[in-house]
Structures are given as structure tokens and as C-alpha cells.
Amino acid sequence: MNNIAILASGSGTNAEAIVDYFSSNNSIRVVCIISNKANAGVLDRAQRLGIPAYVFSNIEMREGIRPLTLLSELGVNLVVLAGYLNLISEPWLEAYPDRIINIHPALLPRYGGKGMYGQHVHEAVIAAREAQSGITIHLINERYDEGRFLLQATCPVFPSDTPESLAQRIHTLEHRFYPSTIEQFILHELKR
């Protein structure tokens, strides 16, 4: 069994898409959702979806001891970031080398790095008058948004776009491609 833990800081739409995608899979399952924010909307989604959810402080997440002990007890072999807004620390990278996946709402390497998330990314893309944007699904390393790419998908940016209208198209790409890319990574690359 391949057990996934999802880390999220926000509303959890990607987390829900991942849980739904694997809900009838006999060899891959989401065993928990972890947040660094006690009021994150993802916690309500987890409860509704019947997925155990846990909250750890930013310090606990950075130190890694308590959350990584939990993941070990749950037999987690892949960590998936779904709107998790902190840099992944060394203890996590050591415990899950090349087994932490993230999604970024732009075509990296452009519009990545510290502070580039959510609406900030869409505002920058529109301000630069880009003709297209998209998503990048990648492995995590010690720097923001620099790990090996697993998939990129594009969508147009229209002259009339607002950050909100562009975000809707980006979310559509995320929900379409993130779960299947996770599945392909597990099937073809995850070391058992």
C-alpha cells in the first residue's frame, strides 16, 4: 500500500481533489492531512471526507519531530503539498528524499520563489502581460520551487483577465493534473 500524507495551509481544494481521485484506489490512499494553521479550511474538508487531520505549529513543522513520527507510524511513503506555504526543512528532506511533491500555480522557473504563491503569482503574470500561464508539479528540494519538474500544463492569459479569473483556470489545471501526476509518480518512480 502506498500511503500519502497531504500538507496544506489553506482551503484545501487540491487536497479534496486528491482524496477524491484515490478514494477507490486499492493500492494508493490518503491517510492524513496535516496543517500548520488551526483555522485552515482544509481541516473542515478533511472532516467531511473522513480523513484524519492534524495541526502542528510552524515550529513543530520546521523541527519535524512530532509530525514525522506520526507519518512514520501511519506508514506514509509520499508527502504531497497542496497549498502548504512554508519552506520544507531539512528533517523532512532527509526523511522523504525525492518523495515530497508540490504544485506551483505558474510555469516555473518564472514566478517562483519566496513570497510567490496564490494571488501574488497571478498578479505578477498579468502585470508582465504574459500570453500564457499554467502549473508546475515538481519534487521539493531545500529551495522554494526549484526541485525536478514532473509536469507542466498551460492555459491562456487573456487581456481582460483579473487575478481571480486566471486563478479559476489555474485551479482547473491543478485539479485535472495533480492527482494523476501523483499516481504516475507512485507507479513509475516511487521506491518501495
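Description of the structure in this document. Remember, it's a predicted structure, so these values are computed and weren't measured experimentally.

### A look at the overall build of the chain
Looking only at helices and strands, one finds seven helices and seven strands in the chain. The dimensions of the chain, computed from C-alpha atoms along their principal axes, are 50 × 35 × 30 Å. Across the 192 residues in the chain, those meeting the buried criterion constitute 50%. About 9500 Å² of surface is accessible on the chain, with carbon and sulfur atoms providing 51% of the total. For the chain, the separation between the mean place of its 16 positive charges and that of its 19 negative charges on side chains is 2 Å.

### Points about the packing of helix 1 (residues 13-22) against helix 7 (residues 163-188)
Close contact between helix 1 and helix 7 brings their axes to 9 Å; oriented N to C, the two are set at 45°. By the angle between their directions, the pair helix 1 and helix 7 is classed as oblique. When the axes of helix 1 and helix 7 are compared, the crossing they make is right-handed. For the pair formed by helix 1 and helix 7, the contact residues are Thr13, Asn14, Ala17, Ile18, Tyr21 and Phe22 on the first element and His171, Glu174, His175, Tyr178, Pro179, Ser180, Ile182 and Glu183 on the second. When the residues that make up the contact of helix 1 with helix 7 are grouped by side-chain class, the tally is seven nonpolar, five polar and two charged.

### Regarding the nonpolar core
Ranked by size, the top nonpolar core spans 40 residues in total, and within it Ile4, Ile6, Leu78 and Ile182 carry the most contacts. Among the elements that make up this core, the one with the highest residue count is helix 7 (eight residues). Residues contacting Leu78, with those up to four places away along its chain left out, are Asn3, Ile4, Ala5, Tyr96, Arg99, Ile100, Ile101, Ile182, Phe185, Ile186 and Leu190. Counting residues in hydrophobic clusters, the runner-up holds 20 residues, among them Ile34, Phe56, Leu81 and Ile88.

### Concerning the environment of Gly134
Note that Gly134 resides in strand 6 (residues 132-139). As a C-alpha pair, Gly134 and Val30 span 104 residues in sequence and 26 Å in three-dimensional space. Apart from the residues lying within four places of it in its own chain, the contact partners of Gly134 are His104, Pro105, Ala106, Leu107, Ala153, Thr154, Cys155, Ile170 and Leu173.

### Section: the packing of helix 1 against helix 2 (residues 41-49)
Relative orientation of the contacting elements helix 1 and helix 2 amounts to 20°, with a least axis distance of 9 Å. By the criterion of interaxial angle, the relationship of helix 1 to helix 2 is roughly parallel. Helix 2 is crossed by helix 1, and the crossing has right-handed handedness. Counting all contacts with helix 1, which are made through Thr13, Ala15, Glu16, Val19 and Asp20, the residues of helix 2 involved are Val42, Arg45, Arg48 and Leu49. When the residues that make up the contact of helix 1 with helix 2 are grouped by side-chain class, the tally is four nonpolar, one polar and four charged.

### As for the sheet that holds strand 7 (residues 149-156)
The strands making up a sheet associate through hydrogen bonds between their backbones, and the pairing can be parallel or antiparallel. Pairing is mixed in the open sheet, where seven strands are placed in the order 3-2-1-4-5-6-7. Looking at the sheet topology across the chains shown, the edges are occupied by strand 3 (53-55) and strand 7. Taken over all neighbouring pairs, the strand axes of this sheet differ in orientation by 20° on average, direction set aside. Across two bridges, strand 4 (residues 76-81) lies against strand 5 (residues 100-104) in parallel orientation.

### A word on the pattern of salt bridges
Between side chains of opposite charge, a pair can form when the charged atoms approach closely. Counting across every chain of the model gives eight salt bridges. Here Arg45 and Glu16 are joined by a salt bridge, their closest N and O atoms 2.5 Å apart. Here Arg45 is found in helix 2, whereas its partner Glu16 is found in helix 1, with 29 residues between them in sequence. When its relative accessible area of 21% is taken as the criterion, Arg45 is described as partly exposed. In this structure, Glu189 and Arg148 form a salt bridge, with 2.5 Å as the shortest nitrogen-oxygen distance. Here the residue Glu189 occupies a position in the segment after helix 7, and Arg148 occupies one in the loop between strand 6 and strand 7, the gap between them amounting to 41 residues. The exposure class of Glu189 is partly exposed, given its relative accessible area of 34%. Residue classification places Arg148 among the partly exposed positions, given a relative accessible area of 45%. In this structure, a network of salt bridges that share partners links the residues Glu16, Arg45 and Arg48.

Definitions and limits used
Residues numbered from 1 in each chain as written. Predicted model: local features only at pLDDT ≥ 70, side-chain atom pairs only at ≥ 80, totals over all residues. Heavy atoms only, no water. Helix = DSSP H or I, 4+ residues; strand = E, 2+ residues; numbered from the N terminus. Buried < 20%, exposed > 50% of the residue type's maximum accessible area, 1.4 Å probe, protein only. Areas by Shrake-Rupley, 256 points an atom, 1.4 Å probe, with all protein chains shown as cover. Lys, Arg positive; Asp, Glu negative; His and termini not counted. Charge placed at Lys NZ, Arg CZ, Asp CG, Glu CD. Axes fitted to C-alpha atoms, helices over the stretch in contact; angles between N-to-C directions. Parallel < 35°, antiparallel > 145°, perpendicular 65-115°, else oblique. Left-handed = near helix turned anticlockwise from the far one by under 90°. Contact = heavy atoms within 4.5 Å. Nonpolar A, V, L, I, M, F, W, Y, C, P; charged D, E, K, R; others polar. Core = buried A, V, L, I, M, F, W, Y, C linked by side-chain atoms within 4.5 Å. Pairing = 2+ DSSP bridges. Salt bridge = Lys/Arg side-chain N within 4 Å of Asp/Glu carboxyl O.

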